[in-house]
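# An overview of the molecular structure
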Amino acid sequence: MQTKESTASQGINQITEGVIWKQLLYFFFPILFGTFFQQLYNTADAIIVGRFVGTQALAAVGGATGSLINFFVNLFVGLASGTTVVMAQAFGARDTQGVDHAVHTSVALSLIAGLGLTIFGVSIAPLALRAMGTPADIMDFSVLYLRVFMMGTIPSFLYNVGSGILRAVGDTRRPLYFLIIACLTNIVLDILFVAVLRMGVLGAALATVLAQVVSAVLVVVSLLHTSAVYRLDPKRIRFHGSTLKEVLKVGIPAGIQGNMYAISNILIQSAINSFGTATVAACTAFSKVDAFFWMVLGAYGISITTFAGQNFGAQKYDRIRKSVRVCLGMAFATSFGMSLLFFLTAPFLLGMFTSDAEVIQIGLEIMRYMVPFYFTFVCIEIFSGAARGCGSALVPTLLTCGGVCVLRVVWVLVVLPLNHTLVTLIISYPVSWVLTSILFIIYYLQGGWLHNRIKKLGYPPEVREKHKRSSRS
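For the structure given in this document, a descriptive report is provided here. (Residues numbered from 1 in each chain as written. Predicted model: local features only at pLDDT ≥ 70, side-chain atom pairs only at ≥ 80, totals over all residues. Heavy atoms only, no water.)

Across its full length, the chain holds 18 helices and zero strands. For the chain, the C-alpha radius of gyration of 22 Å lies close to 23 Å, the compact-globule estimate for 473 residues. In terms of its C-alpha atoms, the chain occupies a principal-axis envelope of roughly 65 × 45 × 35 Å. Put simply, the chain has 473 residues, and 60% of those count as buried. Within the chain, residue pairs in contact and separated by at least 24 positions form 84% of the contacts whose partners lie at least 6 positions apart. As displayed, the chain has an accessible area near 18,500 Å², and 68% of this comes from carbon and sulfur atoms. (Helix = DSSP H or I, 4+ residues; strand = E, 2+ residues; numbered from the N terminus. Rg over C-alpha atoms; globule rule 2.2 N^0.38 Å. Buried < 20%, exposed > 50% of the residue type's maximum accessible area, 1.4 Å probe, protein only. Contact = heavy atoms within 4.5 Å. Areas by Shrake-Rupley, 256 points an atom, 1.4 Å probe, with all protein chains shown as cover.)

Okay, the packing of aromatic side chains next. Under the defined criterion, the tally for this structure stands at 16 aromatic pairs. With a centroid separation of 4.1 Å and 20° between ring planes, the pair formed by Phe-28 and Tyr-300 is classed as stacked. Linking Phe-28 in helix H1 (residues 20-52) with Tyr-300 in helix H10 (residues 277-313), this pair joins segments that are 272 residues apart in sequence. You'll find Phe-28 and Tyr-300 in the same group, each marked buried. When the ring centre of Tyr-444 is taken as origin, the NZ or CZ atom of Arg-321, which lies over that ring, is 5.8 Å away. (Phe/Tyr/Trp six-rings, centres within 6.5 Å; stacked < 30°, edge-to-face > 60°. Lys NZ or Arg CZ within 6 Å of the ring centre and 35° of its normal.)

Turning our eyes to something else, we now look at the pattern of salt bridges. This model, assessed by the stated rule, comprises three salt bridges. For Asp-171, the salt bridge is made with Arg-174, and the minimal N-O distance between the two is 2.7 Å. Here Asp-233 ties to Arg-236 by a salt bridge, and the two come within 3.3 Å at their closest N and O atoms. Here the salt bridges share partners, and the residues they tie into one network are Asp-100, Asp-233 and Arg-236. (Salt bridge = Lys/Arg side-chain N within 4 Å of Asp/Glu carboxyl O.)

Glancing now at a nonpolar patch on the surface. Taken together, the side chains of Ile-191, Leu-192, Val-196 and Leu-197 present a nonpolar region at the surface, about 340 Å² in accessible area. By secondary structure assignment, the location of Ile-191 is in helix H7 (residues 173-196). Take Ile-191: its relative accessible area is 42%, and that puts it in the partly exposed class. (Patch = residues over 30% accessible without salt bridge, like charges linked within 9 Å, V, L, I, M, F, W, Y side chains within 5 Å.)

Once that is clear, we can look at the state of the cysteines. Scanning the entire structure with this criterion turns up zero disulfides. Of all cysteine sulfurs in the structure, the one in Cys-405 sits closest to Cys-283, which takes part in no disulfide; the separation is 19 Å. In this structure Cys-283 comes out as buried when scored by relative accessible area, which is 11%. Lacking any disulfide linkage, Cys-390 is separated from the closest cysteine sulfur, that of Cys-327, by 13 Å. (Disulfide = S-S within 2.5 Å.)

On to helix H4 (residues 96-131). Ala-125 marks the point of greatest bend in H4, at about 55°, and the proline Pro-126 comes within the next four residues. One or two positions beyond H4, positive phi appears at Gly-133, with a value near 70°. (Bend = angle between axes of the 7 residues up to and from the residue.)

As a further point, take the packing of helix H11 (residues 317-351) against helix H13 (residues 378-389). At a minimum axis distance of 10 Å, the contact between H11 and H13 shows a crossing angle of 150°. What the angle tells us is that H11 and H13 run roughly antiparallel. The chirality of how H11 crosses H13 is right-handed. Here Val-324, Cys-327, Leu-328, Ala-331, Phe-332 and Ser-335 of H11 lie close against H13, whose contacting residues are Val-378, Cys-379, Ile-382, Phe-383 and Ala-386. Looking at the contact of H11 with H13, its residues break down into ten nonpolar, one polar and no charged. (Axes fitted to C-alpha atoms, helices over the stretch in contact; angles between N-to-C directions. Parallel < 35°, antiparallel > 145°, perpendicular 65-115°, else oblique. Left-handed = near helix turned anticlockwise from the far one by under 90°. Nonpolar A, V, L, I, M, F, W, Y, C, P; charged D, E, K, R; others polar.)

Within the secondary structure, Leu-422 is located in helix H15 (residues 422-426). Using a relative accessible area of 11% as the deciding quantity, one classes Leu-422 as buried. Taking the C-alpha atoms as reference, Leu-422 lies 9.1 Å from Ile-362; in sequence the two are 60 residues apart. When sequence neighbours within four positions are dropped, the list of residues in contact with Leu-422 reads Phe-275, Thr-279, Ile-362, Glu-365 and Ile-366.

Grouped together as the largest cluster of nonpolar side chains are 79 residues, with contacts concentrated most on Tyr-300, Phe-342, Ile-382 and Trp-449. In terms of residues, this core owes the most to one element, H10, which gives 19 residues. Core analysis: the next-biggest nonpolar cluster, separate from the first, contains 61 residues, Phe-37, Leu-117, Met-139 and Val-169 among them. (Core = buried A, V, L, I, M, F, W, Y, C linked by side-chain atoms within 4.5 Å.)

Note: most peptide bonds trans; most residues except glycine with negative phi. In this structure, Arg-198 is a non-glycine residue whose phi angle is positive, near 55°. Counting through the fold element by element, Arg-198 comes out in the loop between H7 and helix H8 (200-224). Look at Gln-315: it is not a glycine, yet its phi comes out positive at around 60°. In this structure, Gln-315 sits in the loop between H10 and H11.

Interhelical geometry of H10 versus H11 gives an angle of 170° and a closest axis separation of 10 Å. Classified by the interaxial angle, the pair formed by H10 and H11 is roughly antiparallel. Among the residues forming the contact of H10 with H11, the class breakdown is 22 nonpolar, four polar and one charged.

Along the chain, Thr-153 turns up in helix H6 (residues 153-168). Of note is the side chain of Thr-153, whose polar atom sits 2.7 Å from the backbone oxygen of Met-150. Once residues within four sequence positions are removed from consideration, Thr-153 is found in contact with Phe-76, Gly-114, Leu-117 and Thr-118. (Polar contact = N/O pair within 3.5 Å; in protein donor to acceptor, adjacent residues only side chain to side chain.)

We now examine the environment of Arg-51. By the element assignment, Arg-51 lies in helix H1. In the structure, Arg-51 is positioned 70 residues away from Gly-121 in sequence and 28 Å away in space, judged by C-alpha atoms. Once you skip the residues sitting within four places of it in the chain, Arg-51 turns out to touch Gly-351, Met-352, Phe-353, Thr-354 and Ser-355.

Don't take any of this as a statement about function, it's just geometry.
See the structure below:
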């Protein structure tokens, strides 16, 4: 029998009450700063390697290696989002047992899945990089970096799942603090290993893995030593069948959705490799700048997912729809502001990674065709985040697969051969964003993402009828 208790005395933030924009920002800024520092310590590798080792090493830590790493990271983040949704819904419904099962099932999943992915990633690294056409002059560097990075899979899993648990119950500060510490650790170790000890790409990879270990230890210790309902007890770490099913039901589609981009980017990276090492280095530099936009938009996505999850558990459906409108407005304003900022500071931003004039010029060309279209991705991030928060993960995944992955694959295989230039390749990004955004707008306005979930859970007729009225309004 499930037990329910008041959470008011536990010092945990609930977001089922209060002014929506303030509550969203309460979540958004800690998540933003957290992802900023997470991105910062990834960027530190590229800056220090590019400056102290050279163009080939810069291409090695990005390029095909970066695309494959993004593929694995999306799996971590996707499964962690499953934890966040299940936790947020149980917490919003004040279901103590549901929270407990979500914590211990998710930690068990991170350990088992992390070990499996470590073995898989280390084993396939050379084959995957060769299949992507990695230039011969950076192949050894790329294999080394990817294999060392994959040794940090379990810590990365534990951090993402642990942070998902904390954010689901409203604690956005500690994940931020842990990432700041990890970021500073990575930068110090980067300087020590690469600039001082001259360990090159190996040093950069080791610095990243050790920083991930630090963040994982901090988040696990915080879960072990809390007296709140989400306390982690090592003796109770195991799979709870129904909870695991719910976590995977959201987490796997979310991971697949994220990897629709990663898979298409792997294919695109293979095409980029055909343009030579300078283009690979330019794309690496741009991707590090570009990632700061995606971290901001991703913070909005995580915020609306958690917000929708708690309010769905509390059966406050009007509040979910209002929060989506508010979050859309904030995300659009942010995307326009960042696009302008990137345009004004483009030479400086790219110059942080390299002094190679050819690399910088190629990077500027890429920015001209991508940055103006950032705003077209807003609806995809916010609508899919809200739907996942309510437990509807499959359709957003299918929309992303069709609008992003399939279209980009067709573009590379059909359009690019007709005009084999970098610009033709880069245009596939904004084209796929626009089309997928239209699909998500239609999906959201249709309303099934919320109504079908309410109906499936068997809530009383008066609750379903109230939702229908709010949908029509």
